[in-house]
Number of protein chains: 2
Amino acid sequence: MRSIPIVQIGLGGVGRELVRQVLATREALAKHYRLSLVYLALADSGGVRATGAALTRDEIEAALAAKAEGRSIATIAGKSSGMPWSSLALREAAIFVDVSAAPGHEMMLAERVAAGSRVVLANKLPLSAGLAQFQALMFDAATRYEATVGAGLPIIATLQALLDSGDTVTRIEAAMSGTLGYLCSQLEAGESLSTALRAAHALGYTEPDPRDDLSGADVARKALILARTCGLPWSINDIPAEPWFPPAMAGLSRDEFLARAEELDASFAARVAEARAVGGALRYVATVTPQGASVGLRIVPAEHPLASLRGADNLFSFTTARYAERPLVVRGPGAGQALTAAGVLADIVATAREM
Amino acid sequence: MRSIPIVQIGLGGVGRELVRQVLATREALAKHYRLSLVYLALADSGGVRATGAALTRDEIEAALAAKAEGRSIATIAGKSSGMPWSSLALREAAIFVDVSAAPGHEMMLAERVAAGSRVVLANKLPLSAGLAQFQALMFDAATRYEATVGAGLPIIATLQALLDSGDTVTRIEAAMSGTLGYLCSQLEAGESLSTALRAAHALGYTEPDPRDDLSGADVARKALILARTCGLPWSINDIPAEPWFPPAMAGLSRDEFLARAEELDASFAARVAEARAVGGALRYVATVTPQGASVGLRIVPAEHPLASLRGADNLFSFTTARYAERPLVVRGPGAGQALTAAGVLADIVATAREM
Ligand SMILES: NC(=O)c1ccc[n+]([C@@H]2O[C@H](COP(=O)([O-])OP(=O)(O)OC[C@H]3O[C@@H](n4cnc5c(N)ncnc54)[C@H](OP(=O)(O)O)[C@@H]3O)[C@@H](O)[C@H]2O)c1
Ligand SMILES: NC(=O)c1ccc[n+]([C@@H]2O[C@H](COP(=O)([O-])OP(=O)(O)OC[C@H]3O[C@@H](n4cnc5c(N)ncnc54)[C@H](OP(=O)(O)O)[C@@H]3O)[C@@H](O)[C@H]2O)c1
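Here the structure is a predicted model, which is why all the values come from computation and not from measurement.

UniProt marks residues 154-349 of chain A with the feature "domain: Homoserine dehydrogenase catalytic" (unreviewed entry), using the numbering shown here. Annotated as 40% helix and 20% strand, the span residues 154-349 of chain A places its first and last C-alpha atoms 14 Å apart.

Below you can see the structure in the form of C-alpha cells.
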C-alpha cells in the first residue's frame, strides 16, 4: 500500500465535495490500486489546518463542520493557523490540489513542483496567468488540470492522449459555458434575452453578477488552457472574447444591468433570426487553431456537432491530423460541484499512480 | 531519462503503424516525460526477434521491411527465432503490447503481470476469454486496453476515471461498429441492405467475410469488455448479439452469402419503415446495465444522441449516478490502423509514466 499525501487548497462547494469523495473512495482505491490518499493539510482563505501528521477522519470531519458553519478552518483549536498554505513546510513530496478560486497561486505551486511535488487544479487562474508560470507548472508533466475545462468531462486527458501519440491538433471548437449554452437554447426557443437571463439568474444558473458569464472571460481562459496544452505560446490577450453586452453597460451596478437587460433584446433577436434564415444555430463558440483563437457568438451549420447541442451541455470537437475528416467529439454537463470534484479526484488518482 | 522496455506482439496493419508512431514520438516523449521507449522484442505469428538488448533503429527497420515483403521476422538473420514470444526470458519488467489478433494469449500475459510486467492491448480476445483471466490481467491495474473499444477514442479511460472517482454506471449505450453504422446510414438513405452490403464489401469497409461484422460478435466482445470494466462478472454468453442474417445463411460460403443478400432486403426495409413511422432512427446498439446487456438493432428516439449519428462514427453514451439526467457522450471514428495504434501508444505512455 502506497500512502499519498495531499494538501488541499480551497474548501468551497467543490472543495468540500472533493473531501467527501476522497473519503468515500478510500476502500476502492486501496483495493484497486493499493493507494491510500491521506490529507496532510487543508486550507481556506483564512489559513491552514495541519497537525504535522496525516489528518484523522475526525479532524477532517471537524474541518467540514467548521466550513458548514461558515467559519474558517483556522478557527479550529489544535494545529490550525492563520498562515497561508504556502508557508507549510513539508518533509515529503505531496499532491497540492488547488480547488480555490484565488488568483496568484502560480508561483507558489511552481515552487512546489520544482521541489518534487505534484499539482492538481480545478482553479483556472494559475494556468491562465503568465506563460512562464504555466510552463513551470508543466515541468516534468507534474500538473494535471482536467476540471479546469468541462469539469468532469474528459477533455484535457483526451487532448493529452492525442498529443502523446504524436497527433497534431488543427482545430478545437467548443461550447464550454453551461450558462451561455442555456441562454442560446432559450433564445432559439423564442424567448427574449432579458427574460432568459433574468430566469437564469433567479435560478442560480449564472454567477451572482451575470456579466461574469456574459463577458466571455471565463470561456477565453478555458480556450487559453486548451491552446497552451497544445503548445501554443499565447497569453489571455491573444484570445479576445466577444461580450454579450456593450462596454457602456459594464459600469452599471448589477441590479441596474439586470433592470436594463431589455436593451439587449433587439440585437439578439436579430441574430437568432439570421441563424434561422440560413438554417443554422446560434452558439457561443471558442475556436482554437494553431493560427489563432476566437471566442464569440457564431452561426454554426445544422450538420455541425455544435448545432445538436441543447441546454447547458458542453461540447468539444477535436479536429487533428488523424481525426481530419470527422472530429473526435466529447459532450455532456460541464459544470457542477460533484462533477468538478470527480474530475479533480480522477486526476489525483492518475497522479498518485505515478508517484 | 527512464528507459521503458517494450515487447510488441503483432506486426500487422496496426502493429507496423504502432512501430512507426513509437519511432516518430521518441523525441517528444523524451522531452515531455523524460521517457525512452525501447523495443526489447518484436513478434509475429512466425516467431520473435530479440537480440538480448534493445533493438536498434536499423534492426527495427529491418523487421518492418521483412513484414512489408510478407515474410515473418523469424526469417531475419541474427537473433530471430521461430520460438513464440511467450518463451522470451527477460531480466526486467517490460510492457507487453498485444496488437495481434490471436486467441489464447490471456494466460501467458497474466503470467507476465504476475511477474511484475505491464500489458497494453488492442487485441480484444485476452479480455473476452475467461473472467478469471480478465481479473488476473487487471491485478494491480497492470493492463490498459483503450484500443480494444472505439480504437483511439477515449472510452476505457473515461469509464475508468468515472469509476475511480466513485461514480456508479447505470447505463452505457453504444454504437461501436463502423461497418454496421455505415449500413444503418445507407438503409436510412433508402438503399437496400444487399446494395449497401455489396458496396461496403467492395470498398473494403467490411471484414473479408462480411458475416464477421453482421454476426454482431465483435460488438458483443466490446460490450463484454465495457461490462467487465464496470466490475460485472459476466462471460460472452451473457451478451447475446442479434445477427443481421438468419441461422440458415451461416453455413453458406462467403460468395453464396453475398449472392443471396437480397433475401435480407425485405425484413430490413420493414424495420427502416417502422423506425421512420415513429420518427426514430434504426441503430445497432449495445446496451450495458448492471442488470444485463443486449446487442441488436434498435429504434432510438430522434432526440437520443445515437439518432444524430451518421456513417461509420462510433458513439458511447454513459449514464451514471452523477451523469444521471444528461449523459456523458464520446463520439468519432472508432476504427482504422492509425487511430488504433494511437490509442495503444497513449496507453503505453500512461503505463510508462507509472513505471
Ligand atoms: N463549480 C463548478 O462547476 C466549477 C467547474 C470547474 C471549475 N471550477 C473551479 O473550482 C474552483 C472552486 O470552485 P467553488 O465553486 O468551490 O468556489 P467557492 O465555493 O467560491 O470556494 C472557493 C474556496 O477557495 C478558498 N480560498 C479563496 N482564496 C483562498 C486562498 N488564498 N487560499 C486558500 N483558499 C482560498 C475559499 O476560502 P473560504 O472558504 O475561506 O472563503 C473557498 O473555500 C474555482 O476555481 C472554480 O473556477 C468550478
Ligand atoms: N484495425 C482496426 O481498426 C482495429 C481497431 C481496434 C482493434 N483492433 C485490433 O488490433 C489487432 C490488430 O489488428 P490488425 O488490423 O493489425 O490485424 P492484422 O493485420 O491481421 O495483424 C495481426 C498480426 O498479429 C500477428 N499474429 C497472429 N498470431 C500471432 C501469435 N500467435 N503471436 C504473435 N503474433 C501473432 C500476425 O502475424 P503475421 O504477420 O505473421 O501474420 C500479424 O502480424 C486485432 O486484435 C484487432 O482486433 C484493430
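After that view, the rundown keeps rolling.
The next subject is the relation of the copies chain B and chain A. Taken as rigid bodies, chain B and chain A are interconverted by a rotation of 180° and an axial shift of 0.0 Å, the fit giving an RMSD of 0.0 Å. Interpreted geometrically, this transformation is the action of a two-fold axis. By residue overlap, the copies meet face to face through one surface: 100% of the interface positions of chain B are interface positions in chain A.

Ranked by size, the top nonpolar core spans 154 residues in total, and within it Leu183(A), Trp244(A), Leu183(B) and Trp244(B) carry the most contacts. Leave out the neighbours within four places in its chain, and Trp244(B) touches Leu180(B), Leu183(B), Cys184(B), Leu187(B), Leu193(B), Leu214(B), Leu264(B), Phe268(B), Tyr284(B) and Leu297(B).

Once that is clear, we can look at the sheet that holds strand 6 (residues 118-121) of chain B. Residue and element names in this part refer to chain B. Spatially, seven strands are ordered 4-3-2-1-5-6-7 in an open sheet, and the strand pairing comes out mixed. Each edge of the open sheet is held by one strand with a lone partner, namely strand 4 (80-81) and strand 7 (143-144). Where helix 1 (residues 13-24) meets the sheet, its contacts fall on strand 1 (2-9), strand 2 (35-44) and strand 5 (95-98), and the angle it forms with strand 2 comes to roughly 155°.

Residues and elements named next belong to chain B. Around ligand 2 lies a shell of 22 residues, among which Val 14, Ser 45, Lys 67, Ser 100 and Gly 336 are the nearest. A distance of 2.7 Å separates an oxygen atom of ligand 2 from a polar atom in the backbone of Ser 100. At 3.4 Å from an oxygen atom of ligand 2 is found a side-chain nitrogen or oxygen belonging to Lys 124. Protein contact buries 69% of the 910 Å² of open area that ligand 2 shows by itself. Broken down by class, the residue content of the shell around ligand 2 amounts to 10 nonpolar, nine polar and three charged.

Moving on, we come to helix 9 (residues 193-202) of chain B. All names here are of chain B. Those residues of helix 9 that fall on the buried side of the exposure criterion are Leu 193, Ser 194, Ala 196, Leu 197 and Ala 200. Viewed along the axis of helix 9, the buried residues span an arc of 165°, placing them on a single side of the element. Elements in contact with the buried residues of helix 9: helix 8 (178-188), helix 10 (211-214), helix 12 (254-259) and helix 13 (265-277). A positive backbone phi angle near 80° is found at Gly 204, which sits one or two residues after helix 9.

A word on the interface of chain B and chain A. Accessible area lost during the coming together of the parts is what is often quoted as the interface size. Taken together, the contact between chain B and chain A spans 39 residues of the former and 39 residues of the latter. In this assembly, chain B packs against chain A so that about 3400 Å² is buried in total across both faces, 52% of it on carbon and sulfur atoms. When residues of chain B are sorted by the area they lose upon contact with chain A, Asp164(B), Arg326(B) and Arg353(B) head the list and together hold 18% of the total. Here chain B is connected to chain A by six salt bridges. Between Asp313(A) and Arg326(B) there is a salt bridge, with the nearest N and O atoms lying 2.3 Å from each other. Joining chain B to chain A, the criterion identifies 14 residue pairs in polar contact (both at pLDDT 80 or more). Elements that contribute at least two residues to the side of chain B that touches chain A include exactly helix 2 (26-33), helix 7 (156-164), strand 12 (328-332) and helix 14 (337-354) of chain B.

Reading the values: the criteria
Residues numbered from 1 in each chain as written. Chains lettered and ligands numbered in written order. Predicted model: local features only at pLDDT ≥ 70, side-chain atom pairs only at ≥ 80, totals over all residues. Heavy atoms only, no water. UniProt positions renumbered as here; feature names shortened; annotations may be inferred. Helix = DSSP H or I, 4+ residues; strand = E, 2+ residues; numbered from the N terminus. Least-squares fit on C-alpha atoms with pLDDT ≥ 70 in both. Contact = heavy atoms within 4.5 Å. Core = buried A, V, L, I, M, F, W, Y, C linked by side-chain atoms within 4.5 Å. Buried < 20%, exposed > 50% of the residue type's maximum accessible area, 1.4 Å probe, protein only. Pairing = 2+ DSSP bridges. Axes fitted to C-alpha atoms, helices over the stretch in contact; angles between N-to-C directions. Near = heavy atom within 4 Å. Polar contact = N/O pair within 3.5 Å; in protein donor to acceptor, adjacent residues only side chain to side chain. Areas by Shrake-Rupley, 256 points an atom, 1.4 Å probe, with all protein chains shown as cover. Nonpolar A, V, L, I, M, F, W, Y, C, P; charged D, E, K, R; others polar. Arc of directions from axis to C-beta. Buried area = accessible area lost by both parts, 1.4 Å probe. Salt bridge = Lys/Arg side-chain N within 4 Å of Asp/Glu carboxyl O.

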